Amino acid sequence: MSASHSVQGKEAPYYYVPADSAHPVRTAVTLLAMALGAAAWFNDVSWGKWLLLVGVLGLFVSLYFWFGDAIQESEAGLNSKRIDLSYRWGMSWFIFSEVMFFAGFFGALWYIRVITTPWLGDLDHRLLLWPDFQAVWPNFGPAGIVEEFQTMGPFWLPTINTALLLTSGVTLTIAHHALRASHRGKAIFWLFATVLLGFIFVGCQAYEYHHAIYDLNLKFSSGAYGSLFYMLTGFHGFHVIVGATMLTVILIRLIRGHFTADNHFGFEGAAWYWHFVDVVWLGLYLFVYWF
């Protein structure tokens with residue numbers, strides 16, 4: 001067992017069990033406030049958006065202290081190899097759940113394009129239901145009930161965003177290898193570059209949305225194409241923000257002297273998540289912008 005898994009020369013506990021904590025209860029309360037606030041806001045209740053805001057802020061505060069305790073336990077050497085393995089399995093299953101989350105949206109895109117659209121455009125449906133329906137992708141619905149819009153092509157902003165994310169994957173890998181070689185300064189520099197590229201991506205996507213809405217008239221209400229475009233790219237953008245925030249925390253911890261060449265799963269877990277985000281974007285780039 002490495003020295004990073006010890007406390008003052010003694011081995012860490014076989015499996016460290018923390019003391020009772022109120023963090024789960026506080027987090028559950030904030031999530032409940034978020035759900036009630038969102039439901040009230042969607043139903044035009046005046047206090048709904050404020051309750052949602054309180055819930056979001058409360059969630060951040062709760063997670064800040066909860067993760068802070070977990071970091072202190074790690075830095076105190078209380079986490080044995082078995083705890084490390086538990087963290088790895090937990091992060092693996094979390095990323096797997098995210099894979100299935102995006103698989104649902106990609107599946108919806110495939111089903112609408114390959115099955116539903118041709119099916120609704122066959123002779124029987126055109127004669128009985130929608131004579132004016134055109135089985136093309138994207139379409140404007142039966143009788144043109146959807147406002148005309150232009151689709152978002154791959155040039156040039158989506159291609160630039162692809163280059164940004166792929167480059168960030170490279171810089172993150174360099175930072176990881178530097179940490180494993182105990183080159184902390186190099187690791188900090190390349191991780192900072194990764195975080196910067198991630199937030200530049202978010203800024204570019206915000207500009208892309210402005211262009212899509214005001215120049216292309218592409219909105220969430222623009223039929224199945226508009227809904228899927230914003231659901232896929234929007235959720236991916238949210239995951240980029242989450243991933244960049246995670247890497248920012250790891251960067252701060254690196255600067256403070258946390259992690260060693262042998263014990264740095266916090267870094268690795270965030271890196272796994274970031275590479276997952278990169279792979280999802282490649283799928284989006286191909287199937288949303290090109291095909």
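Calculation notes
- Residues numbered from 1 in each chain as written.
- Predicted model: local features only at pLDDT ≥ 70, side-chain atom pairs only at ≥ 80, totals over all residues.
- Heavy atoms only, no water.
- Helix = DSSP H or I, 4+ residues; strand = E, 2+ residues; numbered from the N terminus.
- Buried < 20%, exposed > 50% of the residue type's maximum accessible area, 1.4 Å probe, protein only.
- Lys, Arg positive; Asp, Glu negative; His and termini not counted.
- Salt bridge = Lys/Arg side-chain N within 4 Å of Asp/Glu carboxyl O.
- Core = buried A, V, L, I, M, F, W, Y, C linked by side-chain atoms within 4.5 Å.
- Contact = heavy atoms within 4.5 Å.

Participant: Looking at this structure, how should I read the side chain of E98?
Facilitator: Tracing the sequence through the fold places E98 in helix α3 (residues 81-120). R88 provides the closest opposite charge to the buried, unpaired E98, separated from it by 18 Å.

Participant: What am I meant to see in the pattern of salt bridges here?
Facilitator: Opposite charge on two side chains lets them pair, provided their charged atoms get close. Tallied over the full model, the rule gives three salt bridges. For R253, the salt bridge identified is with E75, shortest N-O distance 3.3 Å. Pair noted here: R253 is in helix α7 (residues 223-255) and E75 is in helix α2 (residues 48-75), with a separation of 178 residues, a long-range link. Its salt-bridge partner being E268, residue R88 comes within 2.7 Å of it at the nearest N-O pair. Of this pair, R88 sits in helix α3 while E268 sits in helix α8 (residues 265-290), placing them 180 residues apart in sequence. For E268, a relative accessible area of 14% puts it in the buried group. Residues joined by salt bridges that share partners form a network here, namely D84, R88 and E268.

Participant: What exactly am I supposed to notice about the nonpolar core here?
Facilitator: The tendency in soluble globular proteins is for nonpolar side chains to be buried as a group. Among the nonpolar cores identified, the biggest contains 46 residues, and M152, L191, L218, F229 and F267 are the most heavily contacted of them. Those elements that provide at least two residues to this core are α3, α5 (157-180), α6 (184-214), α7 and α8. Broken down by element, this core gets its largest block of residues, 14 residues, from α8. Apart from residues lying up to four places away in sequence, F267 is in contact with L172, A175, H176, L179, L191, I250, L254 and F259.

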